[in-house]
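# A structural walkthrough
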Amino acid sequence: LVAFGLPDSVMTALARATRISSLLPSASLPVVRLQSSRWAQDANVLPESIRAPLPEGGAFTRLRALRERPPLLIETATLVIPPGSNGLRIAAPSITLRDVTIVTNGAPLAIETETLDVTNSTIRSFAAGDAEAAGKNGGMVRIVLHDAMRGQLVVNLPGQNGAPGAPG
């Protein structure tokens, strides 16, 4: 069908009618690459095009919106969600994580993608030493995969120890 040069709107209608998501057209956008860093980086270094929410709706609406975004590649980086923030949302057609640590600081993290390719990467609730502070829960991670995942993603979300009680 693609060889016949059908417009994107026709391909999308065909995908909906046949319920074959592979017929949805893909945008040819350059890969968003996060620069490697030895130091932790604020998660807001990710471009807004990756962090913006997807439209509400069915699977085809969400897949179509995903395919209009650039793929994401993060290598050798530590991303930190600022404490007290509303969390982080990452949505891209493909996400590649190589030697990446994402620290949530107890904030929610949502990842939505068609394919997730992971090598030596971790999502954790707090940085080393911060888990000794008192009282925050570990947060929540939601990962939505529309196709496949390669590799193993370690998710470690322990909460902090409870604070001492008030004197009695």
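Model, not experiment: these values are computed from the prediction.

In terms of helices and strands, the protein chain carries three helices and eight strands. For the protein chain, the sequential pattern of α-helices and β-strands runs α-β-β-α-α-β-β-β-β-β-β. For the protein chain, the proportion of its 168 residues judged to be buried stands at 36%. For the protein chain, the proportion of contacts with a sequence separation of at least 24, taken over those separated by at least 6, is 57%. Approximately 9400 Å² of the protein chain is accessible, and the part contributed by carbon and sulfur atoms is 52%.

Now for the pattern of salt bridges. All chains considered together, the criterion is met by six salt bridges. With a closest N to O distance of 2.9 Å, R67 and E114 form a salt bridge. With R67 in helix α3 (residues 59-67) and E114 in strand β5 (residues 109-119), this residue pair connects regions lying 47 residues apart in the sequence. Like R67, the residue E114 is buried in the burial classification. Residues joined by salt bridges that share partners form a network here, namely R33, E75 and R98.

Sheet faces and side chains relate simply in a regular strand, where the side chains alternate between the two faces. As paired strands, strand β3 (residues 72-80) and strand β4 (residues 88-103) are joined by eight bridges and run parallel to one another. Each bridged residue has a counterpart across the sheet, and for A77 the counterpart in β4 is V100. As judged from the three bridges shared by β4 and strand β6 (residues 121-124), these two strands associate in the parallel manner. From the neighbouring strand, V103 faces β6, where its bridge partner is R124.

Do not read the predicted coordinates in detail wherever pLDDT is low. Per-residue pLDDT for the protein chain averages 83, and the proportion of residues at 70 or more is 77%. Model confidence for the protein chain, summarised as mean pLDDT per element, is weakest for helix α1 (residues 8-18) at 64 and strongest for β6 at 96.

To continue, consider unusual backbone geometry. Apart from glycine, the bulk of residues carry a negative phi angle, and the bulk of peptide bonds sit in the trans form. Phi is positive for D99, which is not a glycine, with a value near 55 degrees. Here D99 is to be found in strand β4. Residue D99 is classed as partly exposed on the basis of its relative accessible area of 39%. Of note in this structure, N105 is not a glycine but carries a positive phi near 55 degrees.

Turning our attention to a nonpolar patch on the surface. A grouping of I143, L145, M149 and V155 is seen on the molecular surface, where their side chains present a nonpolar patch of about 280 Å² in accessible area. Considering every element that reaches the nonpolar patch, the biggest residue donor is strand β7 (residues 141-150), with three residues. Its place among the elements puts I143 in strand β7. On the accessibility criterion, I143 (34% relative accessible area) is partly exposed.

Looking now at the pairing of β5. Of all the 11 residues making up β5, eight are buried; the element is thus mostly covered by neighbouring parts of the structure. Two elements, β4 and β5, share 10 bridges in a ladder whose sense is parallel. By the bridge assignment, I95 is partnered in β5 with L116.

In terms of nonpolar packing, the biggest core is built from 24 residues, with L46, L72, I74, I90, I95 and L109 touching the most fellow members. At seven residues, β4 tops the list of elements feeding residues into this core. Beyond its immediate stretch of four places on either side in the chain, I74 contacts L34, L46, L79, T96, L97, R98 and V100. Counting five residues, the second-largest nonpolar core is a separate cluster that includes L54, A65, L66 and A91.

Rules of the game
Residues numbered from 1 in each chain as written. Predicted model: local features only at pLDDT ≥ 70, side-chain atom pairs only at ≥ 80, totals over all residues. Heavy atoms only, no water. Helix = DSSP H or I, 4+ residues; strand = E, 2+ residues; numbered from the N terminus. Buried < 20%, exposed > 50% of the residue type's maximum accessible area, 1.4 Å probe, protein only. Contact = heavy atoms within 4.5 Å. Areas by Shrake-Rupley, 256 points an atom, 1.4 Å probe, with all protein chains shown as cover. Salt bridge = Lys/Arg side-chain N within 4 Å of Asp/Glu carboxyl O. Pairing = 2+ DSSP bridges. pLDDT = per-residue confidence, 0-100. Patch = residues over 30% accessible without salt bridge, like charges linked within 9 Å, V, L, I, M, F, W, Y side chains within 5 Å. Core = buried A, V, L, I, M, F, W, Y, C linked by side-chain atoms within 4.5 Å.

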